[in-house]
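# Secondary and tertiary structure notes
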Amino acid sequence: MKIRVFETPSDAGLYVAALAERVVLDVPNPVLGLATGSTSCPFYQAFVKFEKCGLDLSRTTTINLDEYIGLPDTHPQSYHYFMNEQLFDHVNIPRDQIFIPDGAAADLHAECERYDDIIRKHPIDFQILGIGVNGHIGFNEPNDLLLSRTHVVELSHDTIASNARFFTDVSEVPRKAITMGVQAILQARQIVLMAFGKEKAHIVSRAIQGEVRTDIPASILQLHRDVTIVLDKLSASEL
Ligand code: GLP
């Protein structure tokens, strides 16, 4: 694992955008695995600027990690909305090369299978990850076992409480989500996990310096051969 500690999240975002640019330039039809959450915003801000300076994303495919169940795409807290606002409305990635799980699908089981099929057809070159305060990646929550495939998940109390900051009331936070499984994440050629702020310091240290355990899903990244952990001073403070 490589660990890079930056002065600020925006410096870190620039670094990750430079890593992503390398992949976009080197791979004929690059596939980026994308994440949501406030942590990923500095990366998207930098990446949009790169595109404005001439980086061509027209051959890029993107596959998002997860989506809430029960929010329409037009809801400002849906991950569809987030991705449009942060990235897709500003860059030239063709819409038919953008994939996000459909949390409004009538048949969620079929949606999970459809998504796994998409991942199979578009092996991920570069996977961006954040980390939940409880160690989740995507919405793979702490559990006795981690599911390999795309699946429907009941969100944990920790996650609901943590994500409540984006809603007017905790009762509005969806209780379920659809998430890519750990197999798809670990099959990505290169993984970059970002974490910023003091509240992530403890889980970052447990995930990358502790044992590999299913109740800290991010710890499984220790088994991958090309992972970069991108931190700021605060999130690195317990290493
Ligand atoms: C969300 C997302 C994750 C994200 C994490 C951290 O619930 N499902 O993909 O990494 O929680 O969010 P934030 O970056 O806002 O702290």
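Residues numbered from 1 in each chain as written. Predicted model: local features only at pLDDT ≥ 70, side-chain atom pairs only at ≥ 80, totals over all residues.

Let us look at the overall build of the protein chain. Within the protein chain, the secondary structure is distributed over 7 helices and 10 strands. Its C-alpha radius of gyration of 16 Å places the protein chain within 12% of the 18 Å reference for a compact globule of 239 residues. Seen through its C-alpha atoms, the protein chain measures out along the principal axes to roughly 45 × 45 × 35 Å. Looking at the 239 residues of the protein chain, the share that counts as buried comes to 42%. (Helix = DSSP H or I, 4+ residues; strand = E, 2+ residues; numbered from the N terminus. Rg over C-alpha atoms; globule rule 2.2 N^0.38 Å. Buried ≥ 20, exposed ≤ 12 C-beta atoms within 10 Å, placed from the backbone.)

With that settled, consider the UniProt feature "active site" (unreviewed entry) in the protein chain. The sites that carry the UniProt feature "active site" (unreviewed entry) are, in the present numbering, Asp66, Asn134, His136 and Glu141. Here Asn134 lies in the loop between strand S6 (126-129) and strand S7 (151-154). Take Asn134: there are 18 C-beta atoms within 10 Å of it, and that puts it in the partly exposed class. Every residue in contact with Asn134, bar those within four places of it in the chain, is listed here: Pro142, Ser156, Asp158, Thr159 and Ile203. With respect to the element layout, Glu141 can be found in the loop between S6 and S7. Sequence-distant contacts of Glu141, defined by excluding residues within four places in its chain, comprise His136, Val153, Leu155, Ser156 and Thr159. (UniProt positions renumbered as here; feature names shortened; annotations may be inferred. Contact = placed C-beta atoms within 7 Å.)

In this section: the UniProt feature "domain: Glucosamine/galactosamine-6-phosphate isomerase" (unreviewed entry) in the protein chain. UniProt's entry tags residues 17-226 with the feature "domain: Glucosamine/galactosamine-6-phosphate isomerase" (unreviewed entry), counted in the numbering of this structure. End-to-end, the C-alpha atoms of residues 17-226 are 17 Å apart, and along that stretch the chain is 32% helix and 15% strand.

Let us look at the sheet that holds S7. As summarised here, the arrangement of the 3 strands in space is S4-S8-S7, forming an open sheet in which the pairing is antiparallel. Where the open sheet ends on each side, the last strands, each with one partner, are strand S4 (66-68) and S7. Neighbour to neighbour, the strand axes of the sheet diverge by 25° on average, direction disregarded. The sheet contact formed by S7 and strand S8 (residues 176-179) spans 4 bridges and is antiparallel. Across the sheet, Val153 pairs through a bridge with Ala177, a residue of S8. (Pairing = 2+ DSSP bridges. Axes fitted to C-alpha atoms, helices over the stretch in contact; angles between N-to-C directions.)

Attention now moves to the site of the ligand. What surrounds the ligand is a group of 14 residues, the closest being Gly37, Ser38, Thr39, Gly130 and Gly132. Per-class residue counts for the shell around the ligand are 4 nonpolar, 9 polar and 1 charged. (Near = placed C-beta within 6 Å. Nonpolar A, V, L, I, M, F, W, Y, C, P; charged D, E, K, R; others polar.)

Next up on the list: the environment of Arg4. Along the polypeptide, Arg4 turns up in strand S1 (residues 2-6). For Arg4 and Asp232, which are 228 residues apart along the polypeptide, the C-alpha to C-alpha distance reads 8.3 Å. The residues contacting Arg4, other than those within four sequence positions of it, are Tyr15, Thr228 and Val230.

Before going further, it helps to examine the nonpolar core. In terms of nonpolar packing, the biggest core is built from 61 residues, with Ile131, Leu193 and Met194 touching the most fellow members. Aside from chain neighbours lying at most four places away, what touches Leu193 is Leu129, Ile131, Ala218, Leu221, Val227, Ile229 and Val230. (Core = buried A, V, L, I, M, F, W, Y, C linked by C-beta atoms within 7 Å.)

We now examine the pairing of strand S10 (residues 227-232). Taken across its 6 residues, S10 has 5 buried, putting it largely inside the fold. Judged from the 5 bridges that link them, S1 and S10 form a sheet pairing that is parallel. For Lys2, the partnering residue across the bridge sits in S10 and is Thr228. Sheet analysis places strand S9 (residues 190-195) next to S10, joined by 5 bridges and oriented parallel. Across the sheet, Met194 pairs through a bridge with Val230, a residue of S10. Regarding the hand of the β-α-β motif, the stretch spanning S9, helix H7 (residues 201-209) and S10 is right-handed. (Right-handed = clockwise from strand over helix to strand, strands pointing away.)

Right, let's get into the confidence of the model for the protein chain. Within the protein chain, residue pLDDT values average 97, and 100% of them lie at 70 or more. Prediction confidence for the complex, expressed as pTM and ipTM, is 0.97 and 0.96 respectively. (pLDDT = per-residue confidence, 0-100.)

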